[in-house]
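# Close look at the chain arrangement
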Amino acid sequence: NLLQNWVKEEKMECSEEMGDIIRQYDANTALSVYLKADAKNKVIQCFLDLGAVDKILLYTQRVNFKPDWHSLLQNVVARNPQSAKDFAI
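Described in the following lines is the structure provided in the data block.

Definitions and cut-offs
Residues numbered from 1 in each chain as written. Predicted model: local features only at pLDDT ≥ 70, side-chain atom pairs only at ≥ 80, totals over all residues. Heavy atoms only, no water. Phe/Tyr/Trp six-rings, centres within 6.5 Å; stacked < 30°, edge-to-face > 60°. Helix = DSSP H or I, 4+ residues; strand = E, 2+ residues; numbered from the N terminus. Buried < 20%, exposed > 50% of the residue type's maximum accessible area, 1.4 Å probe, protein only. Core = buried A, V, L, I, M, F, W, Y, C linked by side-chain atoms within 4.5 Å. Contact = heavy atoms within 4.5 Å. Salt bridge = Lys/Arg side-chain N within 4 Å of Asp/Glu carboxyl O. Axes fitted to C-alpha atoms, helices over the stretch in contact; angles between N-to-C directions. Parallel < 35°, antiparallel > 145°, perpendicular 65-115°, else oblique. Left-handed = near helix turned anticlockwise from the far one by under 90°. Nonpolar A, V, L, I, M, F, W, Y, C, P; charged D, E, K, R; others polar.

### Points about the packing of aromatic side chains
- Enumeration according to the criterion identifies one aromatic pair in this entry.
- Centroid distance Phe 47 to Tyr 59: 5.9 Å. Interplanar angle 70°. Geometry classified as edge-to-face. On the criterion of sequence distance, the pair formed by Phe 47 in helix α4 (residues 40–49) and Tyr 59 in helix α5 (residues 54–62) is long-range, its members being 12 residues apart. Just as Phe 47 is buried, Tyr 59 falls in that class too.

### As for the nonpolar core
- Within the largest apolar cluster, 23 residues are counted, with the highest numbers of intra-cluster contacts made by Phe 47 and Ile 56.
- Those elements that provide at least two residues to this core are α3 (27–37), α4, α5, α6 (69–79) and α7 (81–88).
- Sorting elements by how many residues they give to this core places α4 first, with five residues.
- Those residues in contact with Phe 47 that lie beyond four places of it in its chain are Leu 31, Ala 52, Val 53, Lys 55, Ile 56 and Tyr 59.

### Details of the pattern of salt bridges
- Overall, the coordinates contain seven salt bridges when judged by the stated rule.
- The salt bridge partner of Asp 49 is Arg 23, with a shortest N-O separation of 2.8 Å. Of the two residues, Asp 49 sits in helix α4 while Arg 23 sits in helix α2 (residues 16–23), which places them 26 residues apart along the sequence.
- Looking at Asp 49, the relative accessible area reads 35%, which means it is partly exposed.
- Note that Asp 49 is salt-bridged to Arg 79, the shortest N-O span being 2.6 Å. Of this pair, Asp 49 sits in helix α4 while Arg 79 sits in helix α6, placing them 30 residues apart in sequence.
- Of the residues examined, Arg 79 reaches a relative accessible area of 41% and is grouped as partly exposed.

### Here's the deal with the packing of α3 against α4
- Two elements in contact, α3 and α4, have axes separated by 9 Å at closest approach and are oriented at 160°. In terms of their interaxial angle, α3 and α4 are classed as roughly antiparallel. Considering the relative orientation of α3 and α4, their crossing is left-handed. Taking contact as the criterion, the partners of Ala 27, Ala 30, Leu 31, Tyr 34 and Leu 35 in α3 are, on α4, Lys 42, Val 43, Cys 46 and Phe 47.
- Tallied by class, residues from the contact of α3 with α4 come to eight nonpolar, no polar and one charged.

### So, unusual backbone geometry
- Its identity is not glycine, yet Glu 10 carries a phi of approximately 55°, on the positive side.
- Note on placement: Glu 10 falls in the loop between α1 (2–8) and α2.
- In the Ramachandran plot, Asn 64 falls in the positive-phi region, its phi being about 55° despite a non-glycine side chain.
- For Asn 64, the position within the fold is in the loop between α5 and α6.

Spelled out as structure tokens, the structure:
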């Protein structure tokens, strides 16, 4: 994918807005854009979109970010109750 290559090769400037546009079509590429743009809340939302709930805690610890855990848990419950149970533990 051309866009993925541009992101990997840093041939485009990554921003939260660019990630928002890309996310409509490709959550994996949007995740890369959000990571490079340091859009922490959007990174977490992409992990949720991709069903990678297990990566949220690791990411927040790595970048020293404290999200609104209550809202995040509500979001996980709404999307996938089984993941929410694992996430809460």
